[in-house]
Amino acid sequence: MSDPRPDISYEQAREELVEVVRKLEAGGTTLEESLALWERGEELATTCQRWLDGARTRLAEAQAAHTSGDQKKTD
């Protein structure tokens, strides 16, 4: 988790995660296939969370910069 930017976009990861969940819910896979899907789903969920955390950080930084800029104007 040292790389701040995952290899795939949030949208790609979310789309693939939806497909993984669909396959798991449908059943009909072997135990080994189900475990592999679960592991991939965990990876994709982590990727999505990293994107969301990064977006949250960027928003907080932008808000802080905006607030800081407003305070300088009133000083």
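Remember, it's a predicted structure, so these values are computed and weren't measured experimentally.

Caption draft 1: Main features of the overall build of the chain. On a plain count of helices and strands, the chain comes out with two helices and zero strands. Expressed as a percentage of its 75 residues, the buried residues of the chain come to 12%. For the chain, contacts bridging at least 24 residues in sequence account for 76% of all contacts bridging at least 6. As displayed, the chain has an accessible area near 6100 Å², and 54% of this comes from carbon and sulfur atoms.

Caption draft 2: Structural view of the environment of R40. Residue position: R40 is located in helix α2 (residues 31-74). The sequence separation of R40 and V20 amounts to 20 residues, and the corresponding C-alpha distance is 7.7 Å. If sequence neighbours within four positions are ignored, R40 has contacts with I8, E16 and V20.

Caption draft 3: Here's a closer look at the nonpolar core. Formed by A13, V20, L37, L44 and C48, the largest nonpolar core amounts to five residues. Among the elements of the structure, α1 (10-26) and α2 are those that each provide at least two residues to this core. The element contributing the most residues to this core is α2, with three residues. Setting aside residues up to four positions removed in sequence, L44 forms contacts with I8, A13, E16, L17 and V20.

Caption draft 4: Structural detail: the pattern of salt bridges. This model, assessed by the stated rule, comprises four salt bridges. Its salt-bridge partner being E16, residue R40 comes within 2.8 Å of it at the nearest N-O pair. You can see R40 sitting in helix α2 and its partner E16 sitting in helix α1, a full 24 residues away along the chain. Classification of R40 as partly exposed rests on a relative accessible area of 30%. Taking relative accessible area as the criterion, E16 reaches 31% and is therefore assigned partly exposed. Here R22 makes a salt bridge to E19, at a shortest N to O gap of 2.5 Å. Of this pair, R22 and E19 are both found in helix α1, three residues apart, which corresponds to roughly one turn of the helix. The class of R22 is partly exposed, set by a relative accessible area of 45%.

Calculation notes
- Per chain, the residues get numbers from 1 upward, laid out in the order the sequence is written.
- A pLDDT threshold of at least 70 governs which residues receive local features in this predicted model, and a stricter bar of 80 or more applies before side-chain atom pairs are shown or counted, although totals over entire chains, interfaces and linings include all residues.
- The side-chain figures draw on all heavy atoms in the structure; neither hydrogens nor water molecules are used.
- Helix and strand definitions follow DSSP, with helices as H or I runs of at least four residues and strands as E runs of at least two, each counted in order from the N terminus.
- When a residue's accessible area, from a 1.4 Å probe over protein chains only, is under 20% of the maximum for its type it is buried; when over 50% it is exposed; and in between it is partly exposed.
- By definition in these notes, contact holds between two residues if any of their heavy atoms fall within 4.5 Å.
- Residue burial considers only the protein chains on display, and all accessible areas are found by Shrake-Rupley using a 1.4 Å probe.
- In this description, a nonpolar core means a group of buried Ala, Val, Leu, Ile, Met, Phe, Trp, Tyr and Cys residues linked to one another through side-chain atoms lying within 4.5 Å.
- A side-chain nitrogen of Lys or Arg and a carboxyl oxygen of Asp or Glu constitute a salt bridge if their distance falls within 4 Å.

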